[in-house]
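Report on the structure
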Amino acid sequence: MKKKIDKNKGILFWVTGLSGSGKTTISKKIKKDISKNYGPTIVVSGDDLRQIFNLKGYSYSERLILNKKFRKFAKFIINQKINLIFAIVGMFDEARKWNRTNFENYIEIYIKSNIKNIIKNNKKKIYKKKGVGDIVGINIKPELPKKPDITINNNFKTSMNNLSTQLLNKIKKLI
């Protein structure tokens, strides 16, 4: 079923998954097509916001607080008729439920990947750093999306270009 989009607001593409699953890479790859088809678009990752605002907390409770701030930021952007591709671990059922209720133009995208494959691929090296703190999927149990609008399976055998094309095709069918 096609989603009805309010043209007076931007679209929030909430790209979620475990750290290292390919969320940001895929998000950057789809930006040009999203801009072309749906209007002005920016890509922001949770890592970007952490760096910009010097946010350090990684515990479950700190992540929950940050997630609320991230949602406020997202609302600010899309209310200006700018699409936001937001690549974020976004591990909270409560957050996704809130998003569905409070964002008219909301598309939840889950980049599904096995933690063992992520660790093996480990491009960000976060799984090998000592004293890095709490990592979702290792010592924080993730609340994985139960009914995302779109799921992309990243087994690290398919190229990021192919995964991005799969995602764009699914978005076009959805909106």
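Whatever comes next refers back to the structure up there.
The model shown is predicted, which means the values in this text are computed figures rather than measured ones. (Residues numbered from 1 in each chain as written. Predicted model: local features only at pLDDT ≥ 70, side-chain atom pairs only at ≥ 80, totals over all residues. Heavy atoms only, no water.)

**Brief notes about the pairing of strand 3 (residues 83–88)**
Defined as follows: For the exposure calls, accessible area comes from a 1.4 Å probe over protein chains only, and a residue counts as buried if that area is under 20% of its type's maximum, exposed if over 50%, partly exposed in between. Strands are runs of DSSP state E lasting at least two residues, helices are runs of H or I lasting at least four, and both sets are numbered from the N terminus onward. At least two bridges found by DSSP between two strands is the condition for calling them paired.
Within strand 3, 6 of the 6 residues are buried, which leaves it mostly tucked inside the rest of the structure. Side chains Asn 83, Ile 85 and Ala 87 project from strand 3 onto one buried face, and the interleaved Leu 84, Phe 86 and Ile 88 project onto a second face that is buried too. Bridge count between strand 1 (residues 12–16) and strand 3: 5 bridges; the pairing is parallel. Residue pairing across strands places Trp 14 opposite Phe 86, the latter belonging to strand 3.

**Considering the packing of aromatic side chains**
Operational definition: Aromatic rings from Phe, Tyr and Trp, with only the six-membered ring used for Trp, were paired whenever their centres fell within 6.5 Å, and each pair was classed as stacked if the ring planes differed by under 30 degrees, edge-to-face if by over 60, and tilted otherwise. We call a charge positioned over a ring when the NZ of a Lys or the CZ of an Arg lies within 6 Å of the ring centre and within 35 degrees of the ring normal.
A full pass over the atoms with the stated rule returns 6 aromatic pairs. Geometrically, the ring pair formed by Phe 70 and Phe 86 is tilted, given 5.8 Å between the ring centres and 55° between the ring planes. Here Phe 70, found in helix 3 (residues 60–78), pairs with Phe 86, found in strand 3; they are 16 residues apart in sequence, far enough to count as distant. The exposure classification of Phe 70 matches that of Phe 86, with both residues buried. Aromatic pair Phe 73 and Phe 86: ring centres 6.2 Å apart, planes at 65°, arrangement edge-to-face. Within this pair, whereas Phe 73 is found in helix 3, its partner Phe 86 is found in strand 3, the two being separated by 13 residues in sequence. By relative accessible area, Phe 86 is classed as buried at 0%. Members of the aromatic cluster, connected to one another through ring pairs, are Trp 14, Phe 70, Phe 73 and Phe 86. Across from the ring centre of Trp 98, 5.0 Å away, lies the NZ or CZ of Arg 71, which sits over that ring. The side chain of Lys 75 reaches across the aromatic face of Phe 103, ending 4.9 Å from its centre.

**What about the sheet that holds strand 1?**
Going by this rule: For every element, the axis is a line fit to its C-alpha atoms; helices are fit only across the contacting stretch, and the angle between N-to-C directions ranges from 0 to 180 degrees. Residue contacts are counted whenever heavy atoms from the two residues lie within 4.5 Å of one another.
One open sheet holds the 5 strands; their spatial order is 2-3-1-4-5, and the pairing between them is parallel. Edge positions in the open sheet fall to strand 2 (41–45) and strand 5 (150–153), since each of these has one partner strand only. The mean angle between the axes of side-by-side strands here comes to 15°, regardless of whether they run parallel or antiparallel. Relative to strand 5, helix 6 (residues 160–174) is tilted by about 165°, and along the sheet it contacts strand 1, strand 4 (106–112) and strand 5.

**Comments concerning the nonpolar core**
Most often, soluble globular proteins have nonpolar side chains that are buried together. Going by this rule: Note on terminology: a nonpolar core comprises buried Ala, Val, Leu, Ile, Met, Phe, Trp, Tyr and Cys residues joined through side-chain atoms within 4.5 Å.
If you look at the biggest cluster of nonpolar residues, it comprises 19 residues, and the most contacted ones within it are Phe 13, Ile 30, Ile 107, Ile 109, Ile 150, Leu 167 and Ile 171. Where this core is concerned, the elements lending two or more residues are strand 1, helix 1 (23–38), strand 4, strand 5 and helix 6. Of the residues forming this core, the biggest block, 5 residues, is contributed by helix 6. The residues touching Ile 150, leaving out its near neighbours within four places in the chain, are Ile 107, Glu 108, Ile 109, Tyr 110, Leu 167, Lys 170, Ile 171 and Leu 174. With 15 residues, the next largest nonpolar core counts Leu 12, Trp 14, Val 44 and Leu 55 among its residues.

**Topic: helix 4 (residues 93–102)**
The criterion, for reference: In this context, the arc is that of the directions from the helix axis out to the C-beta atoms.
Every buried residue of helix 4 is accounted for by Ala 95, Arg 96 and Asn 99. For helix 4, the angular spread of the buried residues around the axis is 95°, confining them to a single face. Seen from the open side of helix 4, the exposed residues pointing more than 90 degrees away from its buried face are Lys 97 and Thr 101.

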